[in-house]
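Examination of the molecular architecture
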Amino acid sequence: MEDYELIPAIDFCIGHHIELEMVQILGKEGLIEIIELEEAYFIPEQQIKKLEKIIVFHKDLNINLEGVDTIIDLLERMESMQQQIIQLENKLQRFL
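Residues numbered from 1 in each chain as written. Predicted model: local features only at pLDDT ≥ 70, side-chain atom pairs only at ≥ 80, totals over all residues. Heavy atoms only, no water.

1. Topic: the pairing of strand β3 (residues 40-44)
Summarising the sheet, strand β1 (residues 6-8) and β3 pair through three bridges and their orientation is antiparallel. The residue bridging Leu 6 from the neighbouring strand is Pro 44, located in β3. Bridge analysis of strand β2 (residues 35-37) against β3 gives three bridges, and the strand direction is antiparallel. Paired with Ile 35 across the strands is Phe 42, a residue of β3. (Pairing = 2+ DSSP bridges. Helix = DSSP H or I, 4+ residues; strand = E, 2+ residues; numbered from the N terminus.)

In structure tokens, the structure reads:
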């Protein structure tokens, strides 16, 4: 198991003006990882940026959760491809 800081979900919700139920739903749908400890919910620190993106897409842009899931998946694929391109460019530079 990785070491990471856990952010209380209720603190995140208060700061972003959303209901705790929203975070719970996102966790149940598999869009983010949430951890339940002693009847409280926590969000791993590395999930915060993803959760903030989801909130923008869902709350601010009115995209349903299925659409948000698709968008997040596509963004993650694009980031992975960009990293692969950078690695390939670096390898190519060694041969030039």
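2. Here's the deal with helix α1 (residues 9-16)
Along α1, the residues classified as buried are Ala 9, Phe 12 and Cys 13. Looking straight down α1, one finds that the buried residues subtend no more than 100° of arc, so they occupy a single side. Opposite its buried face, α1 presents the exposed residues Ile 14 and Gly 15, each directed more than 90 degrees away. In this structure, the buried side of α1 is in contact with β1, α2 (20-28), β3 and α3 (48-60). Positive backbone phi, at 55°, marks His 17, one or two positions downstream of α1. (Buried < 20%, exposed > 50% of the residue type's maximum accessible area, 1.4 Å probe, protein only. Arc of directions from axis to C-beta. Contact = heavy atoms within 4.5 Å.)

3. Concerning unusual backbone geometry
The general pattern is negative phi for most residues beyond glycine and trans for most peptide bonds. Residue His 17 is not a glycine yet carries a positive backbone phi of 55°. Assignment of secondary structure puts His 17 in the loop between α1 and α2. On the accessibility criterion, His 17 (67% relative accessible area) is exposed. Of note, the phi angle at Glu 38 is positive, near 50°, even though the residue is not glycine. Within the secondary structure layout, Glu 38 lies in the loop between β2 and β3.

4. Overview of the sheet that holds β2
Ordered by their spatial adjacency, three strands build an open sheet running β1-β3-β2, and the pairing between neighbours is antiparallel. Each having just a single partner strand, β1 and β2 make up the two edges of the open sheet. Mean inter-strand twist for the sheet, computed between neighbouring axes without regard to direction, equals 40°. In this fold α1 packs onto β1 and β3, with an angle of close to 60° to the strand it touches most, β1. (Axes fitted to C-alpha atoms, helices over the stretch in contact; angles between N-to-C directions.)

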